[in-house]
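Listed here are the chains, written in short residue letters.
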Amino acid sequence: MSADGGHTRSAPGIASATLLDILGMAAFALRGNWLRSVLTALGVIIGIAAVIVMVSVGQGTQAELDRTISRLGSNRIEIFPGSGRQGAVRIGAGSIMSLTEGDADAIRADIPEVQYVAASLRGGTQVVNAEQNWSTQWVGVQPDWFPINGWEVALGEHFDERDYGAAAKRVLLGQTVRERLFGDADPTGATIRVGRVPFAVAGVLSPRGQSGWGGDQDDVIVVPLETARRRLMSNLNIGPGRVMQISVSTARAEDLPHVERELVELLRQRHRIPPGGEDDFVVRNLTEIVSARTQTTRLMSLLLGAVASISLIVGGIGIMNIMLVSVTERTREIGLRMAVGAGPRQVQAQFLAEAMMLSLGGGVIGIAIGIAGALLTSRFGALPVELNLNVIALATGFSVATGLFFGYYPARKAARLDPIEALRHQG
């Protein structure tokens, strides 16, 4: 068989190579130096895994914040006692009991846009059932406190009107307190000691879980406001009708700015604060606080994703570098392929396929490691994690884009080699 005849039969096979042929040749080339291929793909593996873990943590944090917001209620204003003076000395915010039940009643009567108003007191105490005891927080509330905070009763019943008016010794338990004192048993009707005072358990509150600030919302007991004043704070002499907090909610979010202005004006009048005088109360619009925190969380999620993407870019640069080295090492091989009929497009396709296989292979391994890392973070870490298909699809797209972007230049460089010069190359 003549050389010319051999060339004639080989040329069509090279020139008309199918996609499977190109992928097969690319796989063969990468297998020839498998350790270098693995080390090259390592950058993409780390980058993809980092993107999945970081974005999943960011989305999990955002989802947890959204759940916290929904539990808090979106149309809320909280009022707290402000700072004051004792002689020439200024004392801190909350150190004077400047709010009263009368303030809550006035808000309810004078501001029609207000839907719910509830004054409250709070403190810490020891609760005891037989040999079981637990240190927890108590809250003394008015009826509107429950709809404002979205609390429901899972077992037993709510307080009735007589309980609020007669300072009844009845208590609602949070799920954590119920578990500590009674385990899985229904405590409704049982008697416990709150401090030194016996209380009948009216029911158990529905579970709320961890708050967005890391506290256990179920580690609480709830009593009527007047009960808290007479039975739990009787030795503190806080003054008749004084409260620590007033919670206000509106039916419509757009009413909040108007209601906030009306609140400030009404309380200044009731507290006889002269024009230009400093308020002895603090008004906080929870919607504004939550919006600021939500925006911060979104920015942090973007930052985490951007930081992780840097690893992916570094991995892509590693692929480009290795592919350029490969072009230099295989210059004579490229010349031989062109000499037997392979065109620039076939050469470019093969080197681009090698880059894509490195990137996509690293991407698949990185996705597996990223999912495992996210699940481990969720199980053993303190950070909330939320995995979804969009994150995985995004990671796959990143790996494909990395191979295309960083493999194009080396592939094009290989395709533009002069066959005669390439055959003369001594590699």
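Per chain, residues are indexed from 1 in the order of the written sequence. Owing to the predicted nature of the model, reporting of local features is limited to residues with pLDDT of at least 70; listing and counting of side-chain atom pairs is limited to 80 or more, with chain, interface and lining totals taken over all residues. Neither water nor hydrogens contribute to the side-chain values; these are computed over all heavy atoms in the structure.

## What about the confidence of the model for the protein chain?
Right, so step 1: Predicted confidence across the protein chain gives a mean pLDDT of 81, with 82% of residues reaching 70 or more.
Right, so step 2: Values of pLDDT, ranging from 0 to 100, describe the predictor's confidence in every residue of the model. Helix numbering and strand numbering both begin at the N terminus, where a helix is a DSSP run of H or I of at least 4 residues and a strand a DSSP run of E of at least 2. Mean pLDDT across the secondary structure elements of the protein chain bottoms out at helix α1 (residues 3-15), with 40, and peaks at strand β8 (residues 170-173), with 96.
Right, so step 3: Predicted confidence for residues 1-15 stays below pLDDT 50, and this span has 12 contacts to residues more than four positions away or in other chains. Whether two residues touch is decided by their heavy atoms; if any such pair falls within 4.5 Å, the residues are in contact.

## Some details on the pairing of strand β13 (residues 245-250)
Right, so step 1: For β13, the buried fraction is high: six of the six residues fall into the buried class.
Right, so step 2: In this analysis, strands are considered paired if DSSP registers two or more bridges between them. As defined by bridge partners, strand β1 (residues 76-81) adjoins β13 across four bridges and the pair is classed as antiparallel. Within the sheet, the bridge partner assigned to E78 lies in β13 and is S247.
Right, so step 3: With six bridges joining them, strand β5 (residues 114-129) and β13 adopt antiparallel strand pairing. Counterpart to S120 in the pairing with β13 is Q245. Buried residues are those whose accessible area, probed at 1.4 Å on protein chains only, stays under 20% of the maximum for their type, while exposed residues exceed 50% and partly exposed ones sit between those limits.

## What to know about the nonpolar core
Side chains of a nonpolar character, in soluble globular proteins, are inclined to be buried together.
Right, so step 1: I79, I107, I192 and I246 are the most contacted members of the largest nonpolar core, which totals 41 residues.
Right, so step 2: When near neighbours in sequence (up to four residues on either side) are disregarded, I192 contacts V128, N129, V171, L173, L181, F182, V197, P198, F199 and V201.
Right, so step 3: Only buried residues count toward a nonpolar core. Its members are Ala, Val, Leu, Ile, Met, Phe, Trp, Tyr and Cys residues joined through side-chain atoms within 4.5 Å. Ranked by size, the runner-up nonpolar core spans 22 residues in total, among them I52, L312, M338 and L352.

## Regarding the packing of helix α11 (residues 331-339) against helix α12 (residues 344-380)
Right, so step 1: At a minimum axis distance of 10 Å, the contact between α11 and α12 shows a crossing angle of 140°. Between α11 and α12, the crossing angle belongs to the class labelled oblique. In terms of crossing hand, the pair formed by α11 and α12 is right-handed. Together, E333, I334, R337 and M338 of α11 and V347, Q350 and F351 of α12 make up the contact between the two elements.
Right, so step 2: Partitioned by chemical class, the residues of the contact of α11 with α12 number four nonpolar, one polar and two charged. Geometry is summarised by axes, namely lines fitted to C-alpha atoms with helices restricted to the contacting stretch, and by angles between N-to-C directions that run from 0 to 180 degrees. An angle below 35 degrees is treated as roughly parallel, one above 145 as roughly antiparallel, one from 65 to 115 as roughly perpendicular, and anything else as oblique. When the near helix sits turned anticlockwise from the far one by under a right angle, the crossing is termed left-handed; a clockwise turn instead gives a right-handed crossing. All amino acids are sorted into three groups, where Ala, Val, Leu, Ile, Met, Phe, Trp, Tyr, Cys and Pro are nonpolar, Asp, Glu, Lys and Arg are charged, and the leftover types, Gly among them, are polar.

## Overview of the environment of R230
Right, so step 1: Position of R230 relative to the elements: it lies in helix α8 (residues 225-232).
Right, so step 2: In this structure R230 comes out as partly exposed when scored by relative accessible area, which is 46%.
Right, so step 3: R230 sits 62 residues away from A168 along the chain, and the two C-alpha atoms are 9.9 Å apart.

## Here we look at helix α13 (residues 389-415)
Right, so step 1: In a helix, the anticipated span is given by 1.5 Å times the number of residues less one. For α13, with 27 residues, the first-to-last C-alpha span of 37 Å sits near the 39 Å given by 1.5 Å per residue.
Right, so step 2: We define the bend at each residue as the angle formed by axes fitted to the 7 residues ending at it and the 7 residues starting at it. Within α13, the axis deviates most sharply at Y408, by approximately 40°, and proline P410 lies no more than four positions further along.
Right, so step 3: All of the buried residues along α13 are V391, A395, S399, T402, G403, F406, G407, P410, A411, A414 and A415.

## Remarks on the pattern of salt bridges
Right, so step 1: Each salt bridge in this description consists of a side-chain nitrogen of Lys or Arg and a carboxyl oxygen of Asp or Glu lying within 4 Å of one another. Summed over all chains, the structure comprises 12 salt bridges.
Right, so step 2: Two residues, R108 and D105, come together in a salt bridge whose shortest N-O distance is 3.0 Å. Of this pair, R108 and D105 both sit in helix α4 (residues 101-110), three residues apart, which is roughly one turn of that helix.
Right, so step 3: On the basis of relative accessible area, R108 is assigned to the partly exposed category, the value being 37%.
Right, so step 4: The exposure class assigned to D105 is partly exposed, which follows from its relative accessible area of 40%.
Right, so step 5: A network of salt bridges, in which partner residues are shared, links E101, E226, R229 and R230.

## Brief notes about the packing of aromatic side chains
Right, so step 1: A pair of Phe, Tyr and Trp rings is counted when the ring centres sit within 6.5 Å of each other, with Trp represented by its six-membered ring. The angle between the planes then sorts it: under 30 degrees is stacked, over 60 is edge-to-face, the rest tilted. Applying the stated criterion across every chain yields a total of five aromatic pairs.
Right, so step 2: Summarising the aromatic geometry, the rings of W145 and F146 are spaced 5.3 Å apart at their centres and angled 90° between planes, so their arrangement reads as edge-to-face.
Right, so step 3: When the ring of F159 is compared with that of Y164, the centres are 5.9 Å apart and the planes differ by 90°; the resulting orientation is edge-to-face.
Right, so step 4: Among the aromatic residues, those joined into a ring-pair cluster are W145, F146, W151, F159 and Y164.
Right, so step 5: Lysine NZ or arginine CZ positioned within 6 Å of the ring centre and within 35 degrees of the ring normal marks a charge as sitting over the ring. Sitting over the ring of W151, R208 keeps its end group 4.5 Å from the ring centre.

## Considering a nonpolar patch on the surface
Right, so step 1: On the surface, W34, L35, V38, L39, L42 and I46 cluster together into a nonpolar patch covering about 610 Å² of accessible area.
Right, so step 2: Within the secondary structure, V38 is located in helix α3 (residues 34-72). Exposure above 30% relative accessible area and the lack of any salt bridge qualify a residue for a patch; like charges then connect within 9 Å, and the nonpolar side chains Val, Leu, Ile, Met, Phe, Trp and Tyr within 5 Å. Accessible surface is estimated by sampling points in the Shrake-Rupley manner with a 1.4 Å probe; for residues, cover comes only from the protein chains shown.

## A closer look at the environment of R345
Right, so step 1: Examined against the element boundaries, R345 turns out to sit in helix α12.
Right, so step 2: Taking the relative accessible area as the measure of exposure, R345 reaches 72% and is therefore exposed.
Right, so step 3: Between the alpha carbons of R345 and A415 there is a distance of 6.7 Å; along the sequence they are 70 residues apart.

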